[in-house]
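Chain and residue survey
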Amino acid sequence: MSRPLPRNDRAMRWAMGTFKDRNRTIYTLLVIGVLLWPSIADVTTGGSGNHLVSTAADAGIYVLLAIGLNVVVGFAGLLDLGYAAFFAIGAYTYGLLASGQLSGSPLHHEFHLPFWVLILVAMFVAAAFGAILGAPTLRLRGDYLAIVTLGFGEIVPRVFRFLGAGSPIGNWTGGVNGISAIDSPHLPAFISGPWFGTSIQVVSPFDFSDSNWAPMDYYWLIILLVAICIVLVTNLYNSRLGRAWMAVREDEVAAAASGINTVAIKLLAFSIGASFAGFAGCYYGAKLSLVSSENFEFIVSVSILIMVVLGGMGNIPGVIVGALTIYIVQFFVLTNLPDYAVALSNLVGLGFLNQSSPGWVGLHDEVQRLNYIVFGLILVVVMLLRPQGLFPSRIREQELEKGTAEEAVFDVREATD
Amino acid sequence: MTEDGTTPATILDVDHVTKRFGGLTAIDDVSFSIRTGEIFALIGPNGAGKTTLFNTITGLYKPTAGMIRFRQRDITGLKPYKIADLGIARTFQQIRLFSYMSALDNVRIGEHPRMHAKLWDALFKTRYARREEARVTERANQLLDFVGIRPQAHNYARNLPYGSQRRLEIARALAGDPKLLLLDEPAAGANPQEKRELMELVERIRAQGITVLLIEHDMKVVMGISERIVVLDYGEKIAEGKPQEVRTDPRVIEAYLGKSA
Amino acid sequence: MALLELQGVDTYYGRVQALHQISMTIDEGEIVTLIGSNGAGKTTTLRTISGLTHPAKGHVRLRGKEISGLPPDRIVTLGIDHAPEGRRIFHRMTVRDNLFLGAYSRNDGPAIRADQERVFQLFPRLRERRQQIGGTLSGGEQQMLAIGRAMMSRPKLLLLDEPSLGLAPILVDTIFQVIRDINKQGTTILLIEQNAAKALQVANRGYVLETGRVVKEGTAKALLESPDVQRAYLGI
């Protein structure tokens with residue numbers, strides 16, 4: 001084991017200062033982007049930016065999910081491969097309790113609870129499932145948790161699909177059709193302003209179901225939710241709990257010997273992570289007005305995990321950037337890639353590639369087939385260039401830098417266990 | 001040595017403790033008692049079961065048979081964090097600090113069980129949480145001062161020199177306000193000067209009313225500070241007594257000290 | 001020609017300079033010891049030689065051939081074996097397999113078994129536990145295993161970092177006897193030891209390091225008798 005000389009104190013403080021500043025820069029850019037986005041969308045599309053604003057709101061859902069999963073993976077170091085299950089639980093909680101769905105169930109009664117109540121209910125339901133799942137598994141070694149969450153992530157959408165018409169206990173979830181015609185949220189008041197091309201005014205009461213305004217409403221609503229989550233999670237990170245997660249992640253035995261109940265603290269991280277997914281699911285159900293089990297497949301869990309890892313595990317601004325990056329790649333770059341390829345081939349005089357022939361379905365479809373290969377390539381390249389993620393936490397950065405040059409800290413766990 | 005002036009008080013009773021791993025008996029029916037306020041040493045050849053006994057006392061292992069009492073309370077089989085919470089702190093033979101946390105944060109982790117801020121406080125950074133955090137930071141700095149590494153408070157634990165890492169581990173253990181401190185080879189890898197400083201630190205810890213149980217191979221250290229000694233060999237207790245008695249015991253010489261010592 | 005030569009070596013950890021202009025030579029068949037307090041740069045010197053850390057400046061030459069900058073596995077095949085402080089054994093492998101891994105680059109079967117027998121004679125405890133996995137050994141037993149593994153590899157140059165760490169008094173003398181034995185069989189040894197008095201008793205020569213610099217060098221006898229060394233490192 002090496003014994004490098006103590007680090008110069010001033011150098012340390014300086015380094016920490018720039019790290020803080022980097023995060024501050026990211027936040028500042030994000031705030032500016034958020035404020036300007038509706039105008040940008042309007043200007044670039046010639047006044048019909050609703051679609052772009054709505055897409056941004058969808059991206060916000062992934063930001064929420066990534067921030068939540070970051071608590072589990074980045075802070076506490078637990079690998080959760082079935083995170084979408086909690087997202088589904090949140091969405092179905094809202095869907096069931098804010099639509100006519102349950103009138104067809106054995107309850108014969110429909111619920112229309114308000115969004116603001118259900119967002120809390122969804123959080124608690126998801127957190128409760130997190131606790132039920134985590135309690136038996138978190139006692140085991142880390143790898144088991146990954147496998148159990150993987151299974152849970154597969155089971156939950158199937159259960160929702162199964163509990164439709166014809167299930168032995170009645171139609172609860174609408175089965176393959178999912179739940180539709182879900183209520184829109186209501187706000188007590190909302191401020192309209194120049195971003196709509198109107199003067200600033202308080203519109204009251206405000207209804208999200210107005211189709212002209214809805215994208216903008218949902219946009220600001222998700223911004224509000226994300227902002228709240230950022231503040232809460234940052235507070236958590238800087239609290240005694242954040243410190244305890246870090247300790248458990250580094251050395252469980254030493255943490256336990258210091259009086260930390262490692263199972264309880266991991267369970268807390270797991271449940272808090274789940275509750276954020278429930279939170280996001282509730283918003284998702286409300287915005288889409290439809291929940292269907294096929295929107296919560298394994299690929300969703302993986303995407304969120306990629307967002308966290310690629311953005312920089314443990315660092316909230318990094319994770320947000322990661323979520324936005326992956327979202328843009330998945331839903332803009334990859335979906336438009338076939339069209340880009342067609343346009344390019346026409347431009348350079350290779351238009352014949354667009355014709356289909358035996359063994360060739362045409363450039364557009366061929367490129368579409370390669371979508372996930374391109375996605376994979378992008379991920380590989382990014383991880384090779386920045387293995388610690390785009391904007392990692394100070395600690396992760398150090399671990400990776402020193403870890404390779406100087407070999408990892410000696411693991412004595414097996415010697416004393 | 002008595003706690004209330006009348007009855008001789010023991011702080012830890014190891015009562016016929018046995019620990020087996022498969023066919024291997026690591027600790028074989030060992031009994032001894034540590035009195036409140038003393039410095040007590042556990043010595044023995046390599047593989048005698050000393051660290052296993054530490055791990056059993058601190059709850060990392062459950063004893064196969066026997067009972068461990070701490071301040072007359074049965075703690076056999078309690079979880080490690082629970083035992084730490086009751087007032088038994090320890091250091092590790094191979095230093096186990098949180099490498100990528102600052103020295104200060106390492107000590108603040110030690111104070112975790114004495115903190116009361118709840119999830120609510122953490123989420124909303126309540127006044128209570130802020131005050132507690134300030135108090136804990138103040139105390140952690142005092143502890144770093146006590147072990148003599150305050151100037152290194154903001155360095156990563158892994159970047160501290162070896163001697164300071166040993167001290168930091170002790171500071172972290174002290175942060176939980178223990179009644180009993182278990183030190184596993186605290187002087188390993190230390191030079192003579194550092195060993196002297198370490199002995200002085202252990203004396204100061206005892207002066208604060210903390211009972212100390214230590215494993216140590218350096219006979220100068222053991223003979224210099226401990227009041228009583230238990231010797232283990234192949235998991236069995238082969239001697240117990242004052243340093244002078246133990247050092248002249250033929251069985252101890254044969255199994256542990258060797259002819260030259 | 002010297003077996004190993006360090007010339008003007010500077011080594012950094014990040015921006016902290018750990019070694020300043022270290023120069024030393026080790027001749028074939030010698031036992032050389034490095035003395036110094038914790039943080040003086042002894043371990044870093046060993047790591048620089050074995051390629052775990054690369055020097056920023058200066059030369060490390062094995063029989064006149066430059067080896068600085070080579071990866072650690074290359075340096076091992078050239079005949080330098082590093083038994084690092086901290087008992088780095090393979091925790092999930094048995095004691096026997098750990099020992100045989102030490103002989104990984106050898107192909108003289110009978111001699112390997114003879115060497116294993118010798119390790120077991122020196123450390124009967126390892127023979128008792130030869131089927132146990134390394135991770136279940138006690139700290140001191142792991143230390144014995146690490147030394148045993150180094151014995152099995154029969155390197156040209158063996159770098160030993162604190163071999164007596166965590167060993168009971170009765171074994172400390174044995175360890176120094178082992179070091180002498182290994183040396184007699186043709187292995188040159190560079191030794192770091194907190195127990196400077198014992199180290200100087202087995203060594204031919206020594207270097208004293210302070211804050212990453214060589215401040216004194218000489219025969220072991222001269223260093224043992226030097227008042228500075230006695231006061232600072234021998235605890236006399």
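This section reports on the structure supplied with the text. (Residues numbered from 1 in each chain as written. Chains lettered and ligands numbered in written order. Predicted model: local features only at pLDDT ≥ 70, side-chain atom pairs only at ≥ 80, totals over all residues. Heavy atoms only, no water.)

Comments concerning the environment of Gly-259 of chain A
In plain terms, the rule: The numbering of helices and of strands both runs from the N terminus, where a helix is a DSSP run of H or I of at least 4 residues and a strand a run of E of at least 2. Relative accessible area decides the class of each residue, using a 1.4 Å probe on protein chains only: under 20% of the type maximum gives buried, over 50% gives exposed, and in between gives partly exposed. Residue contacts are counted whenever heavy atoms from the two residues lie within 4.5 Å of one another.
As for its placement among the helices and strands, Gly-259 of chain A is situated in the loop between α8 (252-257) and α9 (262-288). Overall, Gly-259 of chain A belongs to the buried group, its relative accessible area being 7%. Setting aside residues no more than four positions away along its own chain, Gly-259 of chain A makes contact with Tyr-81, Ala-84, His-112 and Pro-113 of chain B.

Things to note about the pairing of strand β4 (residues 57-62) of chain C
Residues and elements named next belong to chain C. Our working rule: Two strands qualify as a pair provided DSSP detects at least 2 bridges between them.
Bridging between strand β1 (residues 4-13) and β4 involves five bridges; their strand directions are antiparallel. From the neighbouring strand, Glu-5 faces β4, where its bridge partner is Arg-61. Sheet analysis places β4 next to strand β5 (residues 65-66), joined by two bridges and oriented antiparallel. Bridging from a neighbouring strand, Arg-61 pairs with Glu-66 of β5.

Structural notes on the interface of chain C and chain B
Our working rule: By definition, the buried area sums, over both parts, the 1.4 Å-probe accessible area that each loses when the two are put together. Between Lys or Arg on one side and Asp or Glu on the other, a salt bridge is scored when a side-chain nitrogen of the former is within 4 Å of a carboxyl oxygen of the latter. Nitrogen and oxygen atoms within 3.5 Å of one another constitute a polar contact, given that in protein one can donate a hydrogen and the other can accept it, and given that sequence-neighbouring residues count only through two side-chain atoms. For this scheme, ten residues count as nonpolar: Ala, Val, Leu, Ile, Met, Phe, Trp, Tyr, Cys and Pro. Four count as charged, namely Asp, Glu, Lys and Arg, and the remainder, Gly too, count as polar.
Tallying the contact residues gives 27 residues for chain C and 25 residues for chain B. Counting the surface lost from both chain C and chain B, the interface buries some 1900 Å², and carbon and sulfur atoms represent 48% of this. Here chain C and chain B share zero salt bridges between them. At the surface where chain C touches chain B, the tally comes to 10 residue pairs in polar contact (both at pLDDT 80 or more). For the side of chain C that touches chain B, the residue count by class is nine nonpolar, 10 polar and eight charged.

A look at the sheet that holds β4 of chain C
Residue and element names in this part refer to chain C. Read across the sheet, four strands follow the order β2-β1-β4-β5 without closing on themselves; strand pairing throughout is antiparallel. Pairing within the sheet leaves two strands with one partner each, and these edge strands are β2 (16-26) and β5. When β1 meets β2, the two strands line up antiparallel, connected through seven bridges. The residue bridging Glu-5 from the neighbouring strand is Thr-25, located in β2.

Remarks on the sheet that holds strand β9 (residues 228-233) of chain B
All names here are of chain B. Operational definition: Helix axes use the C-alpha atoms of the stretch in contact, all axes being lines fitted to C-alpha atoms, and the angles between their N-to-C directions lie in the range 0 to 180 degrees.
Across the sheet, six strands lie side by side as β6-β7-β8-β3-β9-β10; this open sheet has mixed pairing. Unpaired on one side and paired on the other, β6 (88-90) and β10 (236-241) mark the two borders of the sheet. Each neighbouring strand pair of the sheet contributes to a mean axis angle of 20°, computed without reference to strand direction. Pairing analysis gives four bridges linking strand β3 (residues 39-43) to strand β8 (residues 211-215), with the strands arranged parallel. Bridging from a neighbouring strand, Ile-39 pairs with Val-212 of β8. Each of β3, β6, β7 (180-184), β8 and β9 is contacted by helix α1 (residues 50-57), which is oriented at about 145° to β8, the strand it contacts most. Each of β3, β9 and β10 is contacted by helix α10 (residues 250-257), which is oriented at about 120° to β10, the strand it contacts most.

Observations regarding a positive patch on the surface
Residues and elements named next belong to chain B. Defined as follows: Within this analysis, patches are made of residues with over 30% relative accessible area and no salt bridge. Like charges are joined at 9 Å or less; nonpolar side chains (Val, Leu, Ile, Met, Phe, Trp, Tyr) at 5 Å or less. For every accessible area listed, the method is Shrake-Rupley and the probe measures 1.4 Å; residues are considered covered only by the protein chains on display. We count Lys and Arg on the positive side and Asp and Glu on the negative side, and we leave His and both chain ends out. The atom standing in for a charge is NZ when the residue is Lys, CZ when it is Arg, CG when it is Asp and CD when it is Glu.
Taken together, the side chains of Lys-125, Arg-127, Arg-130 and Arg-131 define a basic patch exposed on the protein surface. Within the element layout of this structure, Lys-125 appears in the loop between α4 (119-124) and α5 (127-147). On the basis of relative accessible area, Lys-125 is assigned to the partly exposed category, the value being 40%.

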